[in-house]
Amino acid sequence: YWRRALGMQVRYANYDDYQFCYSYRGRPGYRPSILMLHGFSAHKDMWLSIVKFLPKNLHLVCVDMPGHEGTTRLDLDDYSISGQAKRIHQFVECIKLNRKPFHLVGTSMGGNVAGVYAAQFPEDICSLTLICPAGLPSTTDSKFIKQLRELQESKRIDRIPLIPSTPEEMADMLKLCSYVRFKVPQQILQGLVDVRIPHNEFYRKLFLEIVDEKSRHSLHENMSKIKVPTQVIWGKQDQVLDVSGASVLASAIPDCHVYILENCGHSVVVERPRKTANLILEFLALLHSIDINKKQA
């Protein structure tokens, strides 16, 4: 319902026998199109809270990441971060989004993929927004990283805090991901868990893939190759990925604009949608004015 109310239409794109599901609004124009990559175990609709605050005439595309929601899930697919970046590149080619360089936005796991995409396919994009991206070593361990370490030591890695299978674990995950404390009724928690349980085996496999040596620090390994203007938005109270990651990026990317949001956790998109939308629009307007000045000069 919400998707329709905001004018987002769902489409499918096929690359050989692989199917991508995405939603879009608007059409390509003189301003860059915007492609949005969601985080681990979410889907394209997580962006609706931000879409609500973006102008109708912007061309927006939100895609389901590999294996999520309406996009193909293959057992033998490469779900590493670079594997996912390649899949997203196939999607971009499929819908010809890169006829003109576009603005790429990614959050959490999607932020890791977006950063690697910017490094690997630099000609496709004109600018980048990373919202508390994964893929960075941090100087301070977050609450989540400490929990993972304890689980590894006790060989209880089947109990990943981001993969709840009971209403109590769901409540803990919501607490971990957001700064704002809201009381969610038991029935709703149960409903949220019920929707996820059929996918938990895939989430577990994907999670182990993205915390593996090959992917854990993918963004860090690629950040020096990011040459486009980059915006970093991070919740100061992020307990999943520590905010110290922002300064790691700022020191490596030449044209990097960092915004730390007070009283905000890891779920920036859900907790501060209006602020996030405004920051993205201001960033794009700034780049547009710099562009115009260059042309006039």
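Our structure is the block above this text.
Residues numbered from 1 in each chain as written. Predicted model: local features only at pLDDT ≥ 70, side-chain atom pairs only at ≥ 80, totals over all residues. Heavy atoms only, no water.

1. Some words on the sheet that holds strand β3 (residues 34–37)
Thinking step 1. Read across the sheet, 8 strands follow the order β1-β2-β4-β3-β5-β6-β7-β8 without closing on themselves; strand pairing throughout is mixed. This sheet does not close on itself; its edge strands, each paired only once, are β1 (9–15) and β8 (256–261). Recorded for the sheet is a direction-independent mean angle of 20° between the axes of neighbouring strands.
Thinking step 2. Alignment of β1 against strand β2 (residues 18–25), held across 7 bridges, turns out to be antiparallel. Its bridge partner lying in β2, Asn14 is registered against Gln19.
Thinking step 3. Sheet contacts for helix α4 (residues 109–120): β3, β5 (102–107) and β6 (125–131); angle to β5, the most-contacted strand, approximately 145°. (Pairing = 2+ DSSP bridges. Helix = DSSP H or I, 4+ residues; strand = E, 2+ residues; numbered from the N terminus. Axes fitted to C-alpha atoms, helices over the stretch in contact; angles between N-to-C directions. Contact = heavy atoms within 4.5 Å.)

2. Re the state of the cysteines
Thinking step 1. Going through the model one piece at a time under the given rule, you end up with 0 disulfides.
Thinking step 2. Summary of cysteine pairing: Cys21 is not part of a disulfide, and the nearest cysteine sulfur, belonging to Cys62, is at 11 Å. (Disulfide = S-S within 2.5 Å.)

3. As for the pairing of β6
Thinking step 1. The buried fraction of β6 is high, at 6 of 7 residues.
Thinking step 2. Taken together, the 6 bridges between β5 and β6 define a ladder with parallel strand orientation. By the bridge assignment, Val105 is partnered in β6 with Thr129.
Thinking step 3. Pairing between β6 and strand β7 (residues 230–235): 4 bridges, direction parallel. (Buried < 20%, exposed > 50% of the residue type's maximum accessible area, 1.4 Å probe, protein only.)

4. Some details on unusual backbone geometry
Note on backbone geometry: most residues besides glycine have negative phi, and most peptide bonds are trans.
Thinking step 1. For Ser41, which is not a glycine, the phi torsion comes out positive at approximately 65°.
Thinking step 2. Relative to the helices and strands, Ser41 resides in the loop between β3 and α2 (48–51).
Thinking step 3. The backbone of Lys96 sits at a positive phi, close to 55°, despite the residue not being glycine.
Thinking step 4. Tracing the chain through its elements places Lys96 in the loop between α3 (81–94) and β5.

5. Some thoughts on the pattern of salt bridges
Oppositely charged side chains are able to pair whenever their charged atoms sit close together.
Thinking step 1. Taken as a whole, this structure holds 9 salt bridges when the rule is applied.
Thinking step 2. Across the salt bridge formed by Lys44 and Asp64, the nearest N and O atoms sit 2.9 Å from each other. Of this pair, Lys44 sits in the loop between β3 and α2 while Asp64 sits in the loop between β4 (60–63) and α3, placing them 20 residues apart in sequence. Residue Lys44 shares its accessibility class with Asp64, and that shared class is buried. (Salt bridge = Lys/Arg side-chain N within 4 Å of Asp/Glu carboxyl O.)

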